Amino acid sequence: MSIFSIVGRTVFSSPIVGDYELVQAFCAVAVSLSLPYTHWIRGHVIVDFFTTHANAKFNALLDLLANLALAVFAAAITWRLWRGLWELKDSMEASMLLDIPTWWSYAPMVPSFALLFITAMYAAGADLRKIQS
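Residues numbered from 1 in each chain as written. Predicted model: local features only at pLDDT ≥ 70, side-chain atom pairs only at ≥ 80, totals over all residues. Heavy atoms only, no water.

Draft legend 1. Seen up close, the overall build of the protein chain. Helix and strand content of the protein chain: five helices and zero strands. Written out in order from the N terminus, the α and β elements of the protein chain read α-α-α-α-α. Here the protein chain has a C-alpha radius of gyration of 20 Å; the compact-globule value for 133 residues is 14 Å, and the former is much larger. In terms of its C-alpha atoms, the protein chain occupies a principal-axis envelope of roughly 65 × 40 × 20 Å. Of the contacts made within the protein chain by residues no fewer than 6 positions apart, 68% connect residues no fewer than 24 positions apart. Both charge centroids of the protein chain, one from 8 positive and one from 9 negative side chains, sit 12 Å from each other. (Helix = DSSP H or I, 4+ residues; strand = E, 2+ residues; numbered from the N terminus. Rg over C-alpha atoms; globule rule 2.2 N^0.38 Å. Contact = heavy atoms within 4.5 Å. Lys, Arg positive; Asp, Glu negative; His and termini not counted. Charge placed at Lys NZ, Arg CZ, Asp CG, Glu CD.)

Here it is, written out as structure tokens:
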């Protein structure tokens with residue numbers, strides 16, 4: 001969309017109206033929807049420079065702490081997105097150019113961050129079982 005808008009603006013003096021609004025909303029939704037799966041497959045970047053030679057239980061403890069921290073943040077973000085969704089819906093806030101209700105982009109992010117919370121808690125449980133074994 002950005003390329004078509006840039007080419008349209010440059011060549012034809014006719015950009016796509018609201019391209020920034022759409023890219024902003026879709027990027028936020030796409031990133032939030034990818035987080036639970038990325039965490040499920042443990043695809044986040046891990047810097048293990050200092051823990052490469054540590055034993056498995058110590059690494060599992062660090063992973064447990066990271067998963068618990070992620071769960072806390074995911075729960076807080078879910079709560080704030082839920083509150084923000086209803087506040088935006090009540091105020092009928094919309095984008096400037098396309099007049100798209102702003103809360104529409106919040107709607108898929110709420111269950112996504114809730115799923116991220118569940119995924120982080122599941123991973124924390126798996127790490128706890130590694131520590132106990």
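There's plenty left to go through after this.
Draft legend 2. Quick look at helix α3 (residues 56-91). Taking 1.5 Å per residue as the helical rise, α3 with its 36 residues ought to reach 52 Å, and the 51 Å between its terminal C-alpha atoms agrees with that figure. Turning to α3, its buried residues number three or more, namely Ala60, Leu64, Asn67, Ala71, Ala74, Thr78, Leu81, Gly84, Leu85 and Leu88. Residues of α3 that are buried sit in contact with α2 (19-40), α4 (103-106) and α5 (109-132). Two residues or fewer past α3, Met92 is found with a positive phi of approximately 55°. (Expected span 1.5 Å × (residues − 1). Buried < 20%, exposed > 50% of the residue type's maximum accessible area, 1.4 Å probe, protein only.)

Draft legend 3. Fine view of the pattern of salt bridges. Scanning the model with the defined rule gives two salt bridges in all. With a shortest N-O distance of 3.2 Å, Arg42 and Asp127 are connected by a salt bridge. Of the two residues, Arg42 is situated in the loop between α2 and α3 and Asp127 in helix α5; the sequence distance between them amounts to 85 residues. A relative accessible area of 37% places Arg42 in the partly exposed class. Of the charged contacts in the structure, one is a salt bridge between Glu87 and Arg83, with a shortest N-O distance of 3.4 Å. Residue Glu87 and its partner Arg83 are both found in helix α3; the two are separated by four residues, about one turn of the helix. Classification of Glu87 by relative accessible area gives partly exposed; the value is 44%. (Salt bridge = Lys/Arg side-chain N within 4 Å of Asp/Glu carboxyl O.)

Draft legend 4. Representation of the side chain of Ser112. Mapped onto the elements of the fold, Ser112 is located in helix α5. In this structure Ser112 comes out as buried when scored by relative accessible area, which is 5%. Polar contacts involving the side chain of Ser112 include one to the main-chain amide nitrogen of Leu33, which spans 3.5 Å. (Polar contact = N/O pair within 3.5 Å; in protein donor to acceptor, adjacent residues only side chain to side chain.)

Draft legend 5. Structural view of the nonpolar core. Val29, Ala74, Leu81, Leu85, Met109, Val110, Phe113 and Leu116 form the largest nonpolar core, which has eight residues in total. Elements represented by at least two residues in this core include exactly α3 and α5. Top element by residues in this core is α5. It accounts for four residues. Leaving out residues up to four positions away in the same chain, Leu81 has contacts with Tyr106, Met109, Val110 and Phe113. (Core = buried A, V, L, I, M, F, W, Y, C linked by side-chain atoms within 4.5 Å.)

Draft legend 6. Quick peek at the packing of α3 against α5. Remark: α3 packs on α5, axes separated minimally by 8 Å, with the N-to-C direction vectors making an angle of 160°. Between α3 and α5, the angle falls in the class roughly antiparallel. Note that α3 runs across α5; the crossing there is left-handed. Partitioned by chemical class, the residues of the contact of α3 with α5 number 24 nonpolar, two polar and four charged. (Axes fitted to C-alpha atoms, helices over the stretch in contact; angles between N-to-C directions. Parallel < 35°, antiparallel > 145°, perpendicular 65-115°, else oblique. Left-handed = near helix turned anticlockwise from the far one by under 90°. Nonpolar A, V, L, I, M, F, W, Y, C, P; charged D, E, K, R; others polar.)

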